[in-house]
Amino acid sequence: MSLAGATRKGDNLRAHLRRVTAPLHDALDARMRPAGDWDDRTEMVRFLSTQYAARIGIEEWLSDHAGEFEPPRQTPLIAADLAAFDAPLPQAAPRFALPPSASPTAVTSDEHRPALGIAWVLAGSSLGNAAMLKEMQRARHGRDAWPQAFLSDDAMLQFWRALRLRLERPVGEDEARYVTLAAEAAFSHFLAHAHAAARASEIAAA
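Residues numbered from 1 in each chain as written. Predicted model: local features only at pLDDT ≥ 70, side-chain atom pairs only at ≥ 80, totals over all residues. Heavy atoms only, no water.

Engineer: In this structure, what is going on with the overall build of the protein chain? I would like to understand it.
Structural biologist: A count of helical and extended segments in the protein chain gives 8 helices and 0 strands. For the protein chain, the α and β elements follow one another from N to C terminus as α-α-α-α-α-α-α-α. Here the protein chain, with 206 residues, has 47% of them falling under the buried criterion. Considering only contacts in the protein chain between residues 6 or more positions apart, those separated by 24 or more positions represent 76%. On the protein chain, roughly 10,400 Å² of surface is accessible, and the fraction owed to carbon and sulfur atoms is 53%. (Helix = DSSP H or I, 4+ residues; strand = E, 2+ residues; numbered from the N terminus. Buried < 20%, exposed > 50% of the residue type's maximum accessible area, 1.4 Å probe, protein only. Contact = heavy atoms within 4.5 Å. Areas by Shrake-Rupley, 256 points an atom, 1.4 Å probe, with all protein chains shown as cover.)

Engineer: Explanation requested: the pattern of salt bridges in the structure shown.
Structural biologist: Where side chains of opposite charge bring their charged atoms close, a pairing between them can arise. Enumeration over the complete set of coordinates arrives at 7 salt bridges. Between Glu135 and Arg33 there is a salt bridge, with its nearest N and O atoms 2.3 Å apart. One end of the pair, Glu135, is in helix α6 (residues 114–139); the other, Arg33, is in the loop between α2 (22–32) and α3 (41–65), with 102 residues separating them in the sequence. A salt bridge links Arg164 to Glu168; its shortest N-O distance comes to 3.0 Å. A relative accessible area of 32% places Arg164 in the partly exposed class. The partly exposed category is assigned to Glu168, whose relative accessible area is 35%. (Salt bridge = Lys/Arg side-chain N within 4 Å of Asp/Glu carboxyl O.)

Engineer: What should I look at first to understand the side chain of Ser49 in this one?
Structural biologist: For Ser49, the location among the structural elements is in helix α3. Contacts of Ser49, omitting those with residues within four sequence positions, involve Leu82, Pro88 and Pro90.

Engineer: Just checking my understanding: could you explain the nonpolar core for this structure?
Structural biologist: Note on soluble globular proteins: their nonpolar side chains tend to be buried together. With 55 residues, the main nonpolar core has Ile58, Leu62, Ile118, Trp120, Leu122, Leu163 and Leu167 as its most contacted residues. Every element with two or more residues in this core is listed here: α1 (13–20), α2, α3, α4 (75–84), α6, α7 (154–167) and α8 (173–205). (Core = buried A, V, L, I, M, F, W, Y, C linked by side-chain atoms within 4.5 Å.)

Engineer: How should α4 be read in this particular structure?
Structural biologist: An α-helix turns once per 3.6 residues; consequently, residues spaced three or four apart project the same way. Residues Thr75, Ile78, Asp81 and Leu82 constitute the buried set of α4. Down the axis of α4, the sector holding all buried residues measures 115°, keeping them to one side. Facing away from the buried side of α4 by over 90 degrees, the exposed positions are Pro76, Ala83 and Ala84. The secondary structure elements touched by the buried residues of α4 are α3. Positive backbone phi, approximately 60°, marks Asp86, located one or two places after α4. (Arc of directions from axis to C-beta.)

Engineer: I tried to follow the packing of aromatic side chains on my own but got confused; where do I start?
Structural biologist: To describe a pair of aromatic rings, you give the distance between the ring centres and the angle between the ring planes. Under the counting rule described, the total for this entry stands at 4 aromatic pairs. With 5.1 Å between their ring centres and 50° between their planes, Phe85 and Trp146 make a pair best called tilted. Here the residue Phe85 occupies a position in the loop between α4 and α5 (104–107), and Trp146 occupies one in the loop between α6 and α7, the gap between them amounting to 61 residues. The class of Phe85 is buried, set by a relative accessible area of 6%. (Phe/Tyr/Trp six-rings, centres within 6.5 Å; stacked < 30°, edge-to-face > 60°.)

Engineer: Whenever I open this one, unusual backbone geometry confuses me. Can you help?
Structural biologist: Phi is mostly negative for residues that are not glycine, and the peptide bonds are mostly trans. Residue Asp86 is not a glycine yet carries a positive backbone phi of 60°. Topologically, Asp86 is positioned in the loop between α4 and α5. In this structure Asp86 comes out as exposed when scored by relative accessible area, which is 70%.

Engineer: Quick question: what am I supposed to make of the environment of Arg73 here?
Structural biologist: With respect to the helices, strands and loops of the structure, Arg73 is situated in the loop between α3 and α4. Spatially, the C-alpha atoms of Arg73 and Met156 are 8.3 Å apart, while their sequence positions differ by 83 residues. Once you skip the residues sitting within four places of it in the chain, Arg73 turns out to touch Glu59, Glu60 and Ser63.

Engineer: Looking at this model, I keep getting lost on the confidence of the model for the protein chain. Mind explaining?
Structural biologist: For any part of a model where pLDDT is low, the fine detail of the predicted coordinates should not be relied upon. When the pLDDT values of the protein chain are averaged, the result is 85; 88% of them are 70 or greater. Considering each helix and strand of the protein chain separately, the mean pLDDT is smallest for α5, with a value of 50, and largest for α4, with 97. (pLDDT = per-residue confidence, 0-100.)

Engineer: Looking at this model, I keep getting lost on the packing of α1 against α7. Mind explaining?
Structural biologist: Each pair of packed helices can be summarised by the angle the axes make with each other and by the distance between the axes. Across the interface, α1 lies against α7 with an axial gap of 7 Å and an inter-helix angle of 100°. Taken as axis vectors, α1 and α7 run roughly perpendicular relative to one another. In this structure, α1 contributes Leu13, Arg14 and Leu17 to the contact, and α7 contributes Trp160, Arg164, Arg166 and Leu167. (Axes fitted to C-alpha atoms, helices over the stretch in contact; angles between N-to-C directions. Parallel < 35°, antiparallel > 145°, perpendicular 65-115°, else oblique.)

Rendered as C-alpha cells:
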C-alpha cells in the first residue's frame, strides 16, 4: 500500500517526502546497514553487493528517464570497492520499473518529473554514507582501511546540495503524490534486494 499522503500546510517537497516515506527509510536503513563494528569483511561485501545490485537497475532507468534529475552514477565506485575486496560483482538483477500509479503517462505529461522522487532517494542516501564513512574510519583507526570509494563519493553530495534547491519549495498535491509514489518505488526496490541478500546469507550460513 502506498504511503503517499496529503501535503500539510507549509510543506515543501523535501519535508513531505521525508514525512511520508519515513517508515520505508527506517526499514531500509535497518536492513541495509553493515552489521557489527566494521570488522567483518563478509558484512562489508554483502553491503556493497546489495548496493550494487539495487542501484544498477535504478541508474539505468534514470539514464533513460531522468533528464536534469539524473544523479551521478555510483555503481562504478561500488564495483571498484568490491574489486578491492577481491569480491565478484553480483549477478544481473531485474530492471527497475515504476508502478503504473507513478507512470508519467498516468500522472503527468512531463516524463522527467517522477525521477525527482527517485533522485531524492539516491542523493539523500549520500548523507547516510558520509555518516557511515566517519563511523568506519573511527572504528578502524590504526588498522587497515576498508575500501571506501562508494562511501566517500563527493559527486553525489554535490548533486544533493543542488537538488535541495529544487525540493525546498512549496509543493502542490498532485506533484507531491506522483513524486512520492516514485520515491516509494525506489525504496521498495532497495528493500527487495536487501531482503534477498539477507535470505542468501542465511542459506549460506545454514
